[in-house]
Amino acid sequence: MVIPQPRSHAILQESCGFFCCFFTWIKDGWAPHFIHVEVLPMSKADKPTINQAELVNEWMTVLPTTLQPTDQARVWADEADPQALRVHIMAAGHTGYTIDFKVTYVDDREVMVELTDVQQGTTHIDETSEIVQTLVDDYVRHIHECAQALQRVTHT
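This section reports on the structure supplied with the text. Worth saying up front: this structure is predicted, and the values here are computed from it rather than measured.

Cut-offs applied
- Residues numbered from 1 in each chain as written.
- Predicted model: local features only at pLDDT ≥ 70, side-chain atom pairs only at ≥ 80, totals over all residues.
- Heavy atoms only, no water.
- Core = buried A, V, L, I, M, F, W, Y, C linked by side-chain atoms within 4.5 Å.
- Buried < 20%, exposed > 50% of the residue type's maximum accessible area, 1.4 Å probe, protein only.
- Helix = DSSP H or I, 4+ residues; strand = E, 2+ residues; numbered from the N terminus.
- Contact = heavy atoms within 4.5 Å.
- Pairing = 2+ DSSP bridges.
- Axes fitted to C-alpha atoms, helices over the stretch in contact; angles between N-to-C directions.
- Expected span 1.5 Å × (residues − 1).
- Salt bridge = Lys/Arg side-chain N within 4 Å of Asp/Glu carboxyl O.

1. Things to note about the nonpolar core
One finds Trp-59, Leu-63, Val-87, Phe-101, Tyr-139 and Ile-143 to be the most contacted residues of the largest nonpolar core, which totals 28 residues. Going through the elements one at a time, helix 1 (52-66), strand 6 (84-90), strand 7 (97-105), strand 8 (111-120) and helix 2 (130-149) are the ones with two or more residues in this core. Looking at which element gives the most residues to this core, the answer is helix 2, with seven residues. Once residues lying within four places of it in the same chain are set aside, the contact partners of Trp-59 are Pro-64, Val-75, Leu-85, Val-103, Tyr-105, Ile-143, Cys-146, Ala-147 and Leu-150.

And the structure:
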């Protein structure tokens, strides 16, 4: 699976039930090279102690404060993953863009944000266009801001 990253990075990720392993292609001042990173599983102490329903309520309260006043958002529990939420953002203006994300708590402070769908009106569209990528990057930043603001309830 390729996860969109800043233009100079691409991450190839494989995961199994025990840990996540990925290679990152680095293009810096040196010759392009890979680094290998393994993420070990969370211990129970690292997981948010708040239950998923309360977490959804907190997100529904805080996320709108991180978005533009004219953007709208919905948040609900991911029924398949107790460490994840689903976020649906309706972009302001006449563009008709709606963008869906899966937000998974990696630990009690950090979230991983995955783009799951982009629509314009009722049509699924290509998320690789520059306009959509700019919107997605902006909303991912706002989602991370929300997660940071909610550390008061997720990190004990």
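2. Digging into the pairing of strand 6
Most of strand 6 is tucked away, with five of its seven residues classed as buried. As paired elements, strand 5 (residues 72-77) and strand 6 share six bridges and run antiparallel to each other. Bridging across to strand 6, Arg-74 finds its partner in His-88. Counting the residues between successive antiparallel strands, the hairpin from strand 5 to strand 6 contains six residues. Counted along the chain from strand 6 to the antiparallel partner strand 7, the turn is six residues long, and its residue Gly-93 has a positive phi close to 95 degrees.

3. Re the sheet that holds strand 8
Strands sit in the order 5-6-7-8-9 across an open sheet of five strands; the sheet is antiparallel. Each edge of the open sheet is held by one strand with a lone partner, namely strand 5 and strand 9 (123-124). Direction of pairing for strand 8 relative to strand 9: antiparallel, over a ladder of two bridges. Following the sheet pairing, Gln-120 is matched in strand 9 by Thr-123. Set on the sheet, helix 1 makes contact with strand 5, strand 6 and strand 7; between it and strand 5 the angle comes to about 175 degrees. The strands that helix 2 touches are strand 6, strand 7 and strand 8; relative to strand 7, the one it contacts most, it runs at about 40 degrees.

4. Quick look at helix 2
Here helix 2 spans 29 Å end to end across 20 residues, near enough to the 28 Å set by a 1.5 Å rise per residue. Along helix 2, the positions that sit buried rather than exposed are Val-132, Gln-133, Leu-135, Val-136, Tyr-139, His-142, Ile-143, Cys-146 and Ala-147. Residues of helix 2 that are buried make contact with helix 1, strand 6, strand 7, strand 8 and helix 3 (151-154).

5. Topic: the pattern of salt bridges
Counted under the stated rule, the structure contains six salt bridges. In this structure, Lys-102 and Asp-81 form a salt bridge, with 3.8 Å as the shortest nitrogen-oxygen distance. Here Asp-81 lies in the loop between strand 5 and strand 6 and Lys-102 lies in strand 7, a separation of 21 residues in the sequence. Per residue, the accessibility class of Lys-102 equals that of Asp-81, and both read buried. Between Asp-138 and Arg-141 there is a salt bridge, and its shortest N-O distance comes to 2.7 Å. In this pair, Asp-138 and Arg-141 are both assigned in helix 2, three residues apart and thus about one turn of the helix distant. Judged by its relative accessible area of 22%, Asp-138 falls in the partly exposed class. For Arg-141, a relative accessible area of 44% translates into the label partly exposed. Connected through salt bridges with shared partners, the residues Asp-78, Asp-81, Arg-86 and Lys-102 form a single ionic network.

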